[in-house]
Amino acid sequence: MTPSSTVLRVGTRGSALALAQTESVRPMLERASGVSVEVVTIVSAGDTTSDSLATIGGTGVFASALRDALLAGECDVLVHSLKDLPPEAHPGLVIAAVPPRADARDVLCARKGETFETLAPGARIGTGSPRRRAQVLARRSDLEVIDIRGNVDSRLRRVVEGDFDAVVLAAAGLLRLGRESDISEYLDLDEWPVAAGQGALAIETRDGDEQTFASMDDHQSRMMVDAEREVLRLLEAGCSAPIGTRSMIDDGLLFLTARVYRPDGSEFLTSAQATSLGDSGSPALDLAGRVADELLALGAADLAALGGTR
């Protein structure tokens, strides 16, 4: 944005969840920029096809159209779900801020309020995530996992209508939409590590504009998601690979776990490491490097057809 701007044009997808996410940070954007916010909705390739995310390039397809619009000057800043962003930096753009992270867990939304363990054998579980598919099958190979696309409302509706017995979704999205009552079970992060950056939002700007939004950055949230995303980058995994992450900060230590699954859930590899936040350099990136190195040494590249070769 320019010094003479009287309005901040915020680009986002037009889904109910994307708009709710943007509204959740509107006051922060207004305080940071000192001007009013105008929401600009942008249609992405992922919004115009019913094909599986795995076949059209993963969740990164949701970000590409928004980034093109930002670079073209059609908006001044973007609000992303951070888990939808590929881990590599985008030329000309920078993640200016990561606001305080919401609940990172996955949840089960079942038609009869079942938990994961009480679902009947053969129950149909809907998910568009290769990671969630592998996790479900790793725990319950007797369940049927079916690919599903669509927004949160349409996925929940298909459970109510009987197309699926349950779906697995991100807790943060349901909470932001006020749909907490649809949650049957919160899935523990230690057993169900999630997509890198899940629950966090990213404020992305053109390179050079990032200082405008620096006040929105939550240091601990940023450090945790940086570590998670760096593991993906080092493994050359992409944001739709069957990899779960889990990070936390406690007593001056940053903890990071990453788990790589065989796509059918029949096998997985885990690395869990910690580092002191008082260490010099870049603790989050250094920690991610150790985790990635251990996973590759254990054979993660072959297990999930990853490109990492550190």
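Remember, it's a predicted structure, so these values are computed and weren't measured experimentally. (Residues numbered from 1 in each chain as written. Predicted model: local features only at pLDDT ≥ 70, side-chain atom pairs only at ≥ 80, totals over all residues. Heavy atoms only, no water.)

### Points about the confidence of the model for the protein chain
Phase 1 of the analysis: On average, residues of the protein chain score 92 in pLDDT, and 91% of them reach the 70 mark or higher.
Phase 2 of the analysis: Every residue in residues 51–58 is under pLDDT 50, and counting partners more than four places away or in other chains gives 15 contacts. (pLDDT = per-residue confidence, 0-100. Contact = heavy atoms within 4.5 Å.)

### Brief notes about the packing of aromatic side chains
Phase 1 of the analysis: Tallying each qualifying case throughout the model produces 2 aromatic pairs.
Phase 2 of the analysis: Ring centres 4.9 Å apart and planes at 85° place the aromatic pair Phe116 and Trp192 in the edge-to-face group. Residue Phe116 is found in the loop between strand S5 (106–110) and strand S6 (124–126), and its partner Trp192 is found in the loop between strand S9 (185–186) and strand S10 (201–206); the two are separated by 76 residues along the sequence. There is no split in this pair, since Phe116 and Trp192 are both buried.
Phase 3 of the analysis: Plain terms: the ring middles of Tyr261 and Phe268 are 5.5 Å apart, the flat faces sit at 50° to each other, and that makes the pair tilted.
Phase 4 of the analysis: Under the relative-accessibility criterion, Phe268 is labelled partly exposed at 42%. (Phe/Tyr/Trp six-rings, centres within 6.5 Å; stacked < 30°, edge-to-face > 60°. Helix = DSSP H or I, 4+ residues; strand = E, 2+ residues; numbered from the N terminus. Buried < 20%, exposed > 50% of the residue type's maximum accessible area, 1.4 Å probe, protein only.)

### Observations regarding the pattern of salt bridges
Phase 1 of the analysis: This structure, assessed with the given rule, holds 24 salt bridges.
Phase 2 of the analysis: Residue Asp165 pairs with Arg111 through a salt bridge whose shortest N-O separation is 3.3 Å. Pair noted here: Asp165 is in the loop between helix H5 (152–160) and strand S8 (166–170) and Arg111 is in the loop between S5 and S6, with a separation of 54 residues, a long-range link.
Phase 3 of the analysis: In this structure, Glu117 engages Arg139 in a salt bridge whose closest nitrogen and oxygen atoms are separated by 3.2 Å. Of this pair, Glu117 sits in the loop between S5 and S6 while Arg139 sits in helix H4 (residues 130–139), and the two are 22 residues apart along the sequence. (Salt bridge = Lys/Arg side-chain N within 4 Å of Asp/Glu carboxyl O.)

### A closer look at the layout of surface pockets
Phase 1 of the analysis: Roughly 390 Å³ of internal volume is contained in the second largest pocket.
Phase 2 of the analysis: Taken together, 18 residues make up the lining of the second largest pocket; nearest its centre are Pro87, Ala89, Ile95, Asp226 and Arg229.
Phase 3 of the analysis: At the level of secondary structure, the elements contributing two or more residues to the lining of the second largest pocket comprise strand S4 (93–97) and helix H7 (219–235).
Phase 4 of the analysis: Examining the composition of the lining of the second largest pocket, we find that 6 residues originate from one element, H7, more than from any other.
Phase 5 of the analysis: Grouping the constituent residues of the lining of the second largest pocket by class yields 9 nonpolar, 1 polar and 8 charged. (1 Å grid on protein atoms, 1.4 Å probe; cavity = no way out; pocket = protein on both sides within 12 Å on 5 of 7 lines; lining within 4 Å. Points joined across faces, edges and corners; volume = space filled by probe spheres on them. Nonpolar A, V, L, I, M, F, W, Y, C, P; charged D, E, K, R; others polar.)

### A short note on the sheet that holds S5
Phase 1 of the analysis: One open sheet accounts for 5 strands, arranged S7-S6-S8-S5-S9; its pairing is mixed. Whereas interior strands pair on both sides, the edge strands pair on one side only; in this sheet they are strand S7 (144–146) and S9.
Phase 2 of the analysis: Bridge count between S6 and S7: 3 bridges; the pairing is parallel. Within S7, the position partnered with Ile125 by the bridge is Val145.
Phase 3 of the analysis: Here H5 sits on the sheet in contact with S5 and S8, set at roughly 155° to S8. (Pairing = 2+ DSSP bridges. Axes fitted to C-alpha atoms, helices over the stretch in contact; angles between N-to-C directions.)

### Quick notes on the pairing of strand S12 (residues 253–261)
Phase 1 of the analysis: Sheet topology note: the strand S11 (residues 243–250)/S12 ladder contains 8 bridges and is antiparallel. Across the sheet, the residue bridging to Ile243 is Val260, located in S12.
Phase 2 of the analysis: Summarising the sheet, S12 and strand S13 (residues 268–276) pair through 9 bridges and their orientation is antiparallel. For Leu256, the partnering residue across the bridge sits in S13 and is Gln273.
Phase 3 of the analysis: In textbook terms, the turn of a hairpin is the stretch between consecutive antiparallel strands, and for S12 and S13 this stretch comprises 6 residues, one of which, Gly265, has a positive phi near 75°.

### Observations concerning the side chain of Ser221
Phase 1 of the analysis: In this fold, Ser221 is placed in helix H7.
Phase 2 of the analysis: If near-sequence neighbours (up to four positions away) are discounted, Ser221 is found in contact with Val98, Pro99, Pro100 and Arg101.

### Observations concerning the sheet that holds S4
Phase 1 of the analysis: Pairing is mixed in the open sheet, where 5 strands are placed in the order S2-S1-S3-S10-S4. Lying at the two open borders of the sheet, with one neighbouring strand each, are strand S2 (36–41) and S4. Along the sheet, successive strands turn relative to each other by an average axial angle of 35°, direction set aside.
Phase 2 of the analysis: In the packing of helix H1 (residues 16–33) onto the sheet, contacts are made with strand S1 (7–12), S2, strand S3 (77–81) and S10, and the angle to S2 comes to roughly 150°.

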